[in-house]
Amino acid sequence: MKNLKETANHLENINNVIDIGCGEGFVINCLNYPKITGVDISRNALRIAKEKNPECDFCSGSICEISFKENSFDLVIATEVLEHLEKPDLALQEIRRITKNYCIISVPNEPYFRTMNFFSGVKI
């Protein structure tokens with residue numbers, strides 16, 4: 001979270017932010033922007049996120065089919081999401097489509113993630 005906040009603090013003219021794969025709203029809790037939207041595929045996670053962040057907008061949806069117009073957000077955030085997708089390239093296309101200026105994307109530490117996937121039997 002510290003790295004995310006430090007990275008976002010250097011960006012200019014950020015008014016409208018979307019956190020894709022927001023889960024229970026942990027990232028949103030750390031942000032301080034005028035308008036924040038959270039999107040997640042889990043309605044239960046969105047309910048919790050809304051309880052924690054009542055001033056934000058939330059909607060259910062897939063990162064691969066985001067229902068927002070092109071250039072809708074000054075900043076798009078997707079943390080710990082791409083590694084769960086079969087087709088991350090589709091998600092990246094959607095992120096590119098809806099951002100005006102910036103995106104922050106993070107994935108788990110790759111060697112650790114591959115090892116855990118190996119032991120859990122996940123296909124890489």
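Overview of the structure. Values in this document were obtained by computation on a predicted structure and should not be read as measured data.

### What about the pairing of strand 3 (residues 57-60)?
Pairing between strand 2 (residues 35-40) and strand 3: four bridges, direction parallel. Within strand 3, the position partnered with Val39 by the bridge is Cys59.

### Observations concerning a nonpolar patch on the surface
Together, Leu92, Ile105 and Val107 line one region of the surface with nonpolar side chains, adding up to about 220 Å² of accessible area. Structurally, Leu92 can be placed in helix 4 (residues 88-98).

### What to know about the pattern of salt bridges
Tallying each qualifying case throughout the model produces four salt bridges. Across the pair Arg47 and Glu51 runs a salt bridge, and its minimum N-O distance is 3.0 Å. Here Arg47 pairs with Glu51, and both are found in helix 3 (residues 43-52), just four residues apart, close to one helical turn. A relative accessible area of 55% means that Glu51 is categorised as exposed. One salt bridge in this structure joins Lys100 and Asp74, with 3.7 Å as the shortest N-O distance. Placement of the pair is Lys100 in strand 5 (residues 99-106) and Asp74 in strand 4 (residues 73-79), with a sequence separation of 26 residues.

### Some remarks on the environment of Glu83
By the element assignment, Glu83 lies in the loop between strand 4 and helix 4. Each C-alpha atom of the pair Glu83 and Val107 lies 6.5 Å from the other, and the pair is 24 residues apart in sequence. Among the polar contacts made by the side chain of Glu83, one reaches the side chain of His84 at a distance of 3.4 Å.

### Brief notes about the sheet that holds strand 2
Spatially, 3-2-1-4-5 is the arrangement adopted by the five strands of the open sheet, whose pairing is parallel. In the strand order of this sheet, the two ends are held by strand 3 and strand 5, each with one partner. In this sheet, adjacent strand axes meet at a mean angle of 20 degrees when their direction is disregarded. In this sheet, strand 4 lies alongside strand 1 (residues 16-20) in parallel orientation, the contact comprising three bridges. Looking across to strand 4, one finds that Ile18 is bridged to Val76. Those strands touched by helix 3 are strand 2 and strand 3, and its axis lies near 175 degrees from that of strand 3.

### Quick look at helix 4
Considered for burial, the residues of helix 4 that qualify are Ala91, Glu94, Ile95 and Ile98. Taken end-on, helix 4 shows its buried residues confined to a sector of 100 degrees, consistent with a single buried face.

### Overview of the packing of aromatic side chains
Going through the model one piece at a time under the given rule, you end up with one aromatic pair. Relative to Phe73, the ring of Phe68 lies with its centre 5.0 Å away and its plane at 80 degrees, an arrangement referred to as edge-to-face. By relative accessible area, which is 3% here, Phe73 ends up buried.

Conventions used here
- Residues numbered from 1 in each chain as written.
- Predicted model: local features only at pLDDT ≥ 70, side-chain atom pairs only at ≥ 80, totals over all residues.
- Heavy atoms only, no water.
- Pairing = 2+ DSSP bridges.
- Helix = DSSP H or I, 4+ residues; strand = E, 2+ residues; numbered from the N terminus.
- Patch = residues over 30% accessible without salt bridge, like charges linked within 9 Å, V, L, I, M, F, W, Y side chains within 5 Å.
- Areas by Shrake-Rupley, 256 points an atom, 1.4 Å probe, with all protein chains shown as cover.
- Salt bridge = Lys/Arg side-chain N within 4 Å of Asp/Glu carboxyl O.
- Buried < 20%, exposed > 50% of the residue type's maximum accessible area, 1.4 Å probe, protein only.
- Polar contact = N/O pair within 3.5 Å; in protein donor to acceptor, adjacent residues only side chain to side chain.
- Axes fitted to C-alpha atoms, helices over the stretch in contact; angles between N-to-C directions.
- Contact = heavy atoms within 4.5 Å.
- Arc of directions from axis to C-beta.
- Phe/Tyr/Trp six-rings, centres within 6.5 Å; stacked < 30°, edge-to-face > 60°.

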